[in-house]
Amino acid sequence: MKHFGFSIFFTIVCLAISAYWGYTHGPQAGLQTMFTALTITAILAVMEVSLSFDNAVVNASVLRGWDHFWKMIFLTVGIVVAVFGMRLVFPIVIVAVTADMGMLEVVKMALNNPIEYSAKLMAHHAEIAAFGGSFLLLVFLNFFLDEGKDTHWFRWLERRLANLANVPAMSVFVALIALLIMAANVEEAKRLVVTMAGIWGIVIYIGVQVLSHMLGGEPEVDEDGNAIGHDASGAPSGVIKAGIGGFIYLEVLDASFSFDGVIGAFAITSDVVIIMLGLAIGAMFVRSMTIYLVEKGTLDAYIYLEHGAHYAIGALAFIMLASGTGVHVPEVVTGLIGVAFIVWAIFASIQYNKRTVNS
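Keep in mind that this is a model prediction, so the values were computed, not measured.

1. So, the overall build of the protein chain
Here is step 1: Secondary structure assignment for the protein chain yields 15 helices and 0 strands.
Here is step 2: The burial tally for the protein chain puts 51% of its 359 residues in the buried class.
Here is step 3: Across the protein chain, the fraction of contacts at a sequence separation of at least 24, relative to all contacts at a separation of at least 6, is 78%.
Here is step 4: Carbon together with sulfur atoms contributes 68% to the accessible area of the protein chain, which is approximately 16,700 Å² in total.

Right, dumping it as structure tokens:
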């Protein structure tokens, strides 16, 4: 309960604000709109948690190597960035930049004409999907393209992927191929901007690694004196050691996950305030789940949990890239795929533990 106490309190506050907003705003404001607002807020919160549970697992795999100070930074500054920065400010920035409008003008449009605001944001879905999809694809690939990784869930696949780690820049090569395939299937007028957005996703992923290496000092070495390049999370070991680099890595990772939630939320409602409240509740619970997983040692107890999370991330990456070409995958399906991989990994881990005990 201690891990989720603040999240529950935060949920109550957000639902109260949602009820007030629904009761006092809109042409037919009243009890009916209040209950509608509460229902949609709850749906968005559940959707965000289901879409981001794998995010919590990956966050935990990175965060468990941090000291208390940086964990607190993640829980304080990180919460503000995740809840207000990525769920509210960043979509407004996208509209302001692409539509050549002032920030205040976009905020007024979001509050007074949410349908137009939603349309302007959705008009740039392909670029958003290219950026987020490329970044998440590298997270997925760098977890499995690791020759030092000796724990395999699907051995026939993961051993082959581990062998490909010997090929220089293999993950970037695959990500670029996926981006080029996506760009070839979008309308010609958007092809360049979509390609650039995807390249920025790749550049930022590599840039975080570079920053982490620069801040992390000398690389870790094993007992034979060989450099340890990656940890179990698929992130470079410097990300674990360097607080600033690790913090940026987790925030960009959260941003990539939040794109899907924000875009999906507009399919449910165009009310920006309700969207922010619902997604904020979900983001808060994801943070609580992250700390719970770290402090309870869940990743050590369930050996394949990280594998399941990264397979879910890989699926989300391909779904995002496909959605940029006009392929629509319902958010419910996207969330269920992530949950399915996580549940499957938990059961597989339980079976592994039983076999280990019996042997």
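2. Considering the packing of helix 1 (residues 5-24) against helix 12 (residues 272-295)
Here is step 1: Across the interface, helix 1 lies against helix 12 with an axial gap of 10 Å and an inter-helix angle of 175 degrees. Judged on the interaxial angle alone, helix 12 and helix 1 are roughly antiparallel. Where helix 1 abuts helix 12, its residues Phe6, Ser7, Ile8, Phe10, Thr11, Cys14, Leu15, Ile17, Ser18 and Trp21 lie against Val273, Ile274, Leu277, Ala280, Ile281, Met284, Phe285 and Ser288.
Here is step 2: Each residue belonging to the contact of helix 1 with helix 12 can be placed in one class, and the counts come to 14 nonpolar, 4 polar and no charged.

3. A short note on helix 1
Here is step 1: For helix 1, built from 20 residues, the straight-helix expectation of 28 Å at 1.5 Å per residue is met to within 8% by its first-to-last C-alpha distance of 29 Å.
Here is step 2: Taken residue by residue, helix 1 has Ser7, Phe10, Thr11, Cys14, Ser18, Ala19, Trp21 and Gly22 as its buried positions.

4. Regarding a nonpolar patch on the surface
Here is step 1: A cluster of nonpolar side chains, contributed by Leu176, Leu192, Met196, Ile199, Trp200 and Val203, occupies part of the molecular surface with about 560 Å² of accessible area.
Here is step 2: Counting residues per element, the nonpolar patch draws most heavily on helix 9 (residues 188-216), at 5 residues.
Here is step 3: Tracing the backbone through its elements, the reader meets leucine 192 in helix 9.
Here is step 4: Residue leucine 192 is classed as exposed on the basis of its relative accessible area of 64%.

5. With respect to empty space enclosed by the protein
Here is step 1: Under the criterion given, the structure shown has 3 cavities of 30 Å³ or more.
Here is step 2: Computed from the structure, the largest cavity encloses a volume of approximately 70 Å³.
Here is step 3: Looking at the largest cavity, it is lined by 11 residues, and the ones nearest its centre are Asp54, Ala312, Leu316, Thr334 and Gly338.
Here is step 4: For the lining of the largest cavity, the secondary-structure elements that each account for two or more residues are helix 2 (31-63), helix 14 (305-323) and helix 15 (331-358).
Here is step 5: Taken together, the residues of the lining of the largest cavity break down into 6 nonpolar, 4 polar and 1 charged.

6. Quick word on helix 5 (residues 114-122)
Here is step 1: Listing the buried residues of helix 5 in full gives Pro114, Tyr117, Ser118 and Leu121. Axial view of helix 5: buried residues confined to an arc of 100 degrees, hence all on one face.

7. Digging into the packing of aromatic side chains
Here is step 1: All chains considered together, the criterion is met by 16 aromatic pairs.
Here is step 2: An angle of 70 degrees between the planes, with centres 5.4 Å apart, marks the rings of phenylalanine 135 and tyrosine 205 as edge-to-face. Highlighted residues: phenylalanine 135 in helix 6 (residues 125-144) and tyrosine 205 in helix 9, separated in sequence by 70 residues. Here phenylalanine 135 and tyrosine 205 have matching classes, each one buried.

8. A few points about the confidence of the model for the protein chain
Here is step 1: For the protein chain, per-residue confidence averages 77 on the pLDDT scale, and 85% of positions sit at 70 or higher.
Here is step 2: By mean pLDDT, helix 10 (residues 237-241) is the weakest element of the protein chain at 43, and helix 8 (residues 170-184) is the strongest at 92.

9. Remarks on the environment of isoleucine 275
Here is step 1: Within the secondary structure, isoleucine 275 is located in helix 12.
Here is step 2: A C-alpha to C-alpha distance of 9.0 Å links isoleucine 275 and alanine 45, two positions 230 residues apart in sequence.

10. Overview of the packing of helix 6 against helix 14
Here is step 1: As a packed pair, helix 6 and helix 14 sit with axes 8 Å apart at the nearest point and diverge in direction by 150 degrees. Compared by their axis directions, helix 6 and helix 14 come out roughly antiparallel. Here helix 6 and helix 14 pass one another in a crossing that is left-handed.
Here is step 2: A class-by-class count of the residues in the contact of helix 6 with helix 14 yields 16 nonpolar, 8 polar and 1 charged.

11. What to know about the environment of histidine 125
Here is step 1: The topology assignment puts histidine 125 in helix 6.
Here is step 2: Side-chain polar atoms of histidine 125 contact the side chain of serine 323, separated by 3.0 Å.

12. Section: the side chain of threonine 290
Here is step 1: Residue position: threonine 290 is located in helix 12.
Here is step 2: Not counting the four nearest positions on each side in its chain, threonine 290 is found in contact with Ala56, Asn59, Ala60, Leu63 and Phe74.

Parameters and conventions
- Residues numbered from 1 in each chain as written.
- Predicted model: local features only at pLDDT ≥ 70, side-chain atom pairs only at ≥ 80, totals over all residues.
- Heavy atoms only, no water.
- Helix = DSSP H or I, 4+ residues; strand = E, 2+ residues; numbered from the N terminus.
- Buried < 20%, exposed > 50% of the residue type's maximum accessible area, 1.4 Å probe, protein only.
- Contact = heavy atoms within 4.5 Å.
- Areas by Shrake-Rupley, 256 points an atom, 1.4 Å probe, with all protein chains shown as cover.
- Axes fitted to C-alpha atoms, helices over the stretch in contact; angles between N-to-C directions.
- Parallel < 35°, antiparallel > 145°, perpendicular 65-115°, else oblique.
- Nonpolar A, V, L, I, M, F, W, Y, C, P; charged D, E, K, R; others polar.
- Expected span 1.5 Å × (residues − 1).
- Patch = residues over 30% accessible without salt bridge, like charges linked within 9 Å, V, L, I, M, F, W, Y side chains within 5 Å.
- Salt bridge = Lys/Arg side-chain N within 4 Å of Asp/Glu carboxyl O.
- 1 Å grid on protein atoms, 1.4 Å probe; cavity = no way out; pocket = protein on both sides within 12 Å on 5 of 7 lines; lining within 4 Å.
- Points joined across faces, edges and corners; volume = space filled by probe spheres on them.
- Arc of directions from axis to C-beta.
- Phe/Tyr/Trp six-rings, centres within 6.5 Å; stacked < 30°, edge-to-face > 60°.
- pLDDT = per-residue confidence, 0-100.
- Left-handed = near helix turned anticlockwise from the far one by under 90°.
- Polar contact = N/O pair within 3.5 Å; in protein donor to acceptor, adjacent residues only side chain to side chain.

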